[in-house]
Amino acid sequence: MSVNSKDYALVFGASVVDIFGFSGDCYRQFNSTPGKVKISFGGVCRNIAENMARIGVNTKLISILGNDEIGRSMLEHSKVIGYDMSESLILEKGGTPTYMAILNENGEMVSGIADMKSIGEMDMKFILSKAELIENAEYTFLDADDPNNLEFILTQFEGMTKFILDPVSAAKAEKIKHLIKYFHTIKPNRHEAEVLAGFKINDVDDLERACDYFLELGIENVFISLDEDGIFFANKDKRGQIKANNVLVRNVTGAGDSFVAGLGYSYMNNLPIEEAVKFSMGMSIITISHVETIHPKMSYEYVMDKLKEITWEETVRVV
């Protein structure tokens, strides 16, 4: 494998197998309930990698898998979709991270089990063994699952690749807020941005102030998700808010992952920031229109067709 040319995006983080049991009848505790079981591949970083591969980005994913049937299936799936998981940590005696949930007849979770202990098997020695791959990546996407590993990667490879972060949750953002100065790009939602900035965000003035704070830390691009109100974005040259009208929502799960994947495409193709926002939002809009976390038709052509249908509300100004 040649890693000399900076023509790929690297995603570094967890892959998870999701198992959901849907009750087809009244849920009965301590008993079997008729229904259906669905198994899918998930994990924020894996979702980002798959979405990027589907739209044509040369994507590599370093993750953790067990040497089990599910782990092997995930590797085969990555080959079919077109992202490279070959540099992942394969645990000979560990299982692939798995999440299982039981939902009652109303779609509410009544029980869940998270088997995530394998994630803790990735250590600094393994990370260093992937140094060349990290150093030669144009952009590196990271999650906030392990603050210690995150800090090691950010400080060890500072200035060699551009780091991108989706904090995923306010709780995780709290644990890594001292590290955001190392990132080229952050994509928090409003609540995560409040944690990272250290104050409540109630209006546009607060959004402006939060972006000023992030940019002063050295972060180059900030994208704050405002749910149905779109994206507030800022860099040293431009800032503004872009919202899509008349959006169909079936399942919001995975919307943030596809937006970040859209940023990956936009960065690898040098799109201006407002075009990057629209392209990434187009991917999110496609994602939430389907019950699956990753839209089965996701592709570059599908995104471009969707963008022709969307009407936008936007305020963009030069700083």
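Caption draft 1: Region of interest: the overall build of the protein chain. Along the protein chain, the regular secondary structure elements total eleven helices and 15 strands. Against the globule reference of 20 Å for 319 residues, the protein chain gives a C-alpha radius of gyration of 20 Å, in line with a compact fold. If one aligns the C-alpha atoms of the protein chain with their principal axes, the spans along those axes are about 60 × 45 × 40 Å. Of all 319 residues assigned to the protein chain, the portion counted as buried reaches 49%. Residue pairs at least 24 apart in sequence account for 65% of intrachain contacts in the protein chain once pairs closer than 6 positions are excluded. In the structure as shown, the protein chain presents an accessible area of about 15100 Å², 49% of it carried by carbon and sulfur atoms. Each charge sign in the protein chain was given a centre, from 32 positive and 47 negative side chains, and these centres are 2 Å apart.

Caption draft 2: Layout of the sheet that holds strand β12 (residues 221–225). Across the sheet, nine strands lie side by side as β4-β1-β9-β10-β11-β12-β13-β14-β15; this open sheet has mixed pairing. Here the strands that pair on one side only, and so sit at the sheet edges, are β4 (59–62) and β15 (312–318). Across four bridges, strand β1 (residues 9–12) lies against β4 in parallel orientation. Counted as the bridge partner of leucine 10 is lysine 60 from β4.

Caption draft 3: Up close: the packing of helix α9 (residues 255–268) against helix α10 (residues 273–288). With their axes 8 Å apart at the nearest point, α9 and α10 run at an angle of 145° to one another. Where α9 crosses over α10, the two elements pack in a sense that is right-handed. Between α9 and α10, the contacting residues are Ala255, Ser258, Phe259, Ala261, Gly262, Leu263, Tyr265 and Ser266 on the first element and Ala276, Val277, Phe279, Ser280, Met281, Met283, Ser284, Thr287 and Ile288 on the second. Looking at the contact of α9 with α10 residue by residue, the classes come out as eleven nonpolar, six polar and no charged.

Caption draft 4: How the structure looks around the sheet that holds strand β8 (residues 109–115). The strand order across the open sheet formed by four strands is β3-β2-β7-β8, and the pairing between neighbours is mixed. The two strands at the open ends of the sheet, each matched to only one other strand, are β3 (35–42) and β8. Mean inter-strand twist for the sheet, computed between neighbouring axes without regard to direction, equals 15°. Note that strand β7 (residues 98–103) and β8 share six bridges and pair antiparallel. By the bridge assignment, threonine 98 is partnered in β8 with aspartate 115. Lying on the sheet, helix α2 (residues 69–81) is in contact with β2 (16–23) and β3; it crosses β3 at an angle near 60°.

Caption draft 5: Spotlight on the pairing of strand β13 (residues 231–234). Of the two faces of β13, the one carrying Ile231 and Phe233 and the one carrying Phe232 and Ala234 are both buried. Pairing geometry for β12 and β13, over four bridges, is antiparallel. When the bridges of β13 are listed, serine 225 appears paired with isoleucine 231. Counted between consecutive antiparallel strands, the loop separating β12 from β13 contains five residues, among which aspartate 227 sits at a positive phi close to 55°. Strand direction decides the pairing type here: β13 and strand β14 (residues 238–244), joined by four bridges, are antiparallel. Paired with isoleucine 231 across the strands is isoleucine 242, a residue of β14. Between the end of β13 and the start of β14, which pair antiparallel, lie three residues.

Caption draft 6: The arrangement of the packing of aromatic side chains in detail. Summed over all chains, the structure comprises nine aromatic pairs. Centre to centre, the rings of phenylalanine 20 and phenylalanine 22 are 6.3 Å apart; their planes meet at 35°, and the pair counts as tilted. Given a relative accessible area of 24%, phenylalanine 20 falls into the partly exposed group. What makes phenylalanine 22 partly exposed here is its relative accessible area of 30%. Taken together, a centroid distance of 4.5 Å and an interplanar angle of 20° make the contact between tyrosine 265 and phenylalanine 279 stacked. Of this pair, tyrosine 265 sits in helix α9 while phenylalanine 279 sits in helix α10; the two residues are 14 residues apart in sequence, bridging distant segments of the chain.

Caption draft 7: Quick peek at the environment of glycine 21. Relative to the assigned elements, glycine 21 resides in strand β2. Measuring from C-alpha to C-alpha, the distance between glycine 21 and proline 296 comes to 21 Å, with 275 residues separating the pair along the chain. For glycine 21, the contacting residues outside a window of four places in its chain are Lys36, Val37, Ala101, Ile102 and Leu103.

Caption draft 8: Representation of the pairing of β14. Summarising the sheet, β14 and β15 pair through seven bridges and their orientation is antiparallel. Within β15, the residue paired with lysine 238 across the bridge is valine 318.

What counts as what
Residues numbered from 1 in each chain as written. Predicted model: local features only at pLDDT ≥ 70, side-chain atom pairs only at ≥ 80, totals over all residues. Heavy atoms only, no water. Helix = DSSP H or I, 4+ residues; strand = E, 2+ residues; numbered from the N terminus. Rg over C-alpha atoms; globule rule 2.2 N^0.38 Å. Buried < 20%, exposed > 50% of the residue type's maximum accessible area, 1.4 Å probe, protein only. Contact = heavy atoms within 4.5 Å. Areas by Shrake-Rupley, 256 points an atom, 1.4 Å probe, with all protein chains shown as cover. Lys, Arg positive; Asp, Glu negative; His and termini not counted. Charge placed at Lys NZ, Arg CZ, Asp CG, Glu CD. Pairing = 2+ DSSP bridges. Axes fitted to C-alpha atoms, helices over the stretch in contact; angles between N-to-C directions. Left-handed = near helix turned anticlockwise from the far one by under 90°. Nonpolar A, V, L, I, M, F, W, Y, C, P; charged D, E, K, R; others polar. Phe/Tyr/Trp six-rings, centres within 6.5 Å; stacked < 30°, edge-to-face > 60°.

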